[in-house]
Amino acid sequence: FCLHDSTLATWSGMYNKIETLFHRKGVNVVGDSAFNRENVPGLIKSHQNNVGRDGNPRQRFDLNCQATSLRKMSEWGMRGLQ
């Protein structure tokens with residue numbers, strides 16, 4: 001039985017927890033675009049294609065680059081621990 005990360009985030013209430021942390025403490029969480037929920041305050045997603053369906057950027061270019069760099073570093077670090 002396999003579940004996608006985004007499904008687990010929904011079922012566990014993780015999106016709500018991220019939003020609560022953002023509003024209470026100003027915390028941001030970085031994830032990849034597989035976390036499909038849109039407009040979650042405090043969730044910064046890195047996108048391979050930063051252009052939305054409407055043709056506009058999903059987020060600022062520099063923010064997307066920083067989020068991608070941070071996400072890659074954390075993935076490489078996890079691989080090193082495994």
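Residues numbered from 1 in each chain as written. Predicted model: local features only at pLDDT ≥ 70, side-chain atom pairs only at ≥ 80, totals over all residues. Heavy atoms only, no water.

1. A closer look at the overall build of the protein
Right, so step 1: Along its length, the protein carries three helices and two strands.
Right, so step 2: Along the protein, helices (α) and strands (β) appear in the sequence α-α-β-β-α when read from the amino end.
Right, so step 3: Taking the principal axes of the C-alpha coordinates as reference, the protein spans close to 35 × 30 × 30 Å.
Right, so step 4: In the protein, which comprises 82 residues, the share counted as buried stands at 24%.
Right, so step 5: Relative to all contacts within the protein whose residues are 6 or more apart in sequence, the contacts with residues 24 or more apart total 22%.
Right, so step 6: Total accessible area on the protein is roughly 6400 Å²; 54% of this is exposed by carbon and sulfur atoms. (Helix = DSSP H or I, 4+ residues; strand = E, 2+ residues; numbered from the N terminus. Buried < 20%, exposed > 50% of the residue type's maximum accessible area, 1.4 Å probe, protein only. Contact = heavy atoms within 4.5 Å. Areas by Shrake-Rupley, 256 points an atom, 1.4 Å probe, with all protein chains shown as cover.)

2. Digging into the nonpolar core
It is characteristic of soluble globular proteins that their nonpolar side chains tend to be buried jointly.
Right, so step 1: Ala-9, Tyr-15, Ile-18, Val-40 and Leu-43 form the largest nonpolar core, which has five residues in total.
Right, so step 2: In contact with Tyr-15, other than residues within four places in its own chain, are Ser-6, Ala-9, Thr-10, Phe-35, Asn-36, Arg-37, Val-40 and Leu-43. (Core = buried A, V, L, I, M, F, W, Y, C linked by side-chain atoms within 4.5 Å.)

3. Some details on the environment of Arg-53
Right, so step 1: Looking at where Arg-53 falls in the secondary structure, it is placed in the loop between strand E2 (43-46) and helix H3 (61-81).
Right, so step 2: Along the sequence, Arg-53 and Thr-10 sit 43 residues apart, while their C-alpha atoms lie 23 Å from each other.

4. Regarding the environment of Lys-72
Right, so step 1: Looking at where Lys-72 falls in the secondary structure, it is placed in helix H3.
Right, so step 2: Given the relative accessible area of 39%, Lys-72 is considered partly exposed.
Right, so step 3: Spatially, the C-alpha atoms of Lys-72 and Ser-46 are 9.7 Å apart, while their sequence positions differ by 26 residues.

5. Considering the pairing of E2
Right, so step 1: The side-chain alternation of E2 yields two buried faces, one formed by Leu-43 and Lys-45 and the other by Ile-44 and Ser-46.
Right, so step 2: As defined by bridge partners, strand E1 (residues 29-32) adjoins E2 across four bridges and the pair is classed as parallel. Along E2, the bridge assignment pairs Asp-32 with Ser-46. (Pairing = 2+ DSSP bridges.)

Limitation: the analysis is restricted to geometry and does not speak to function.
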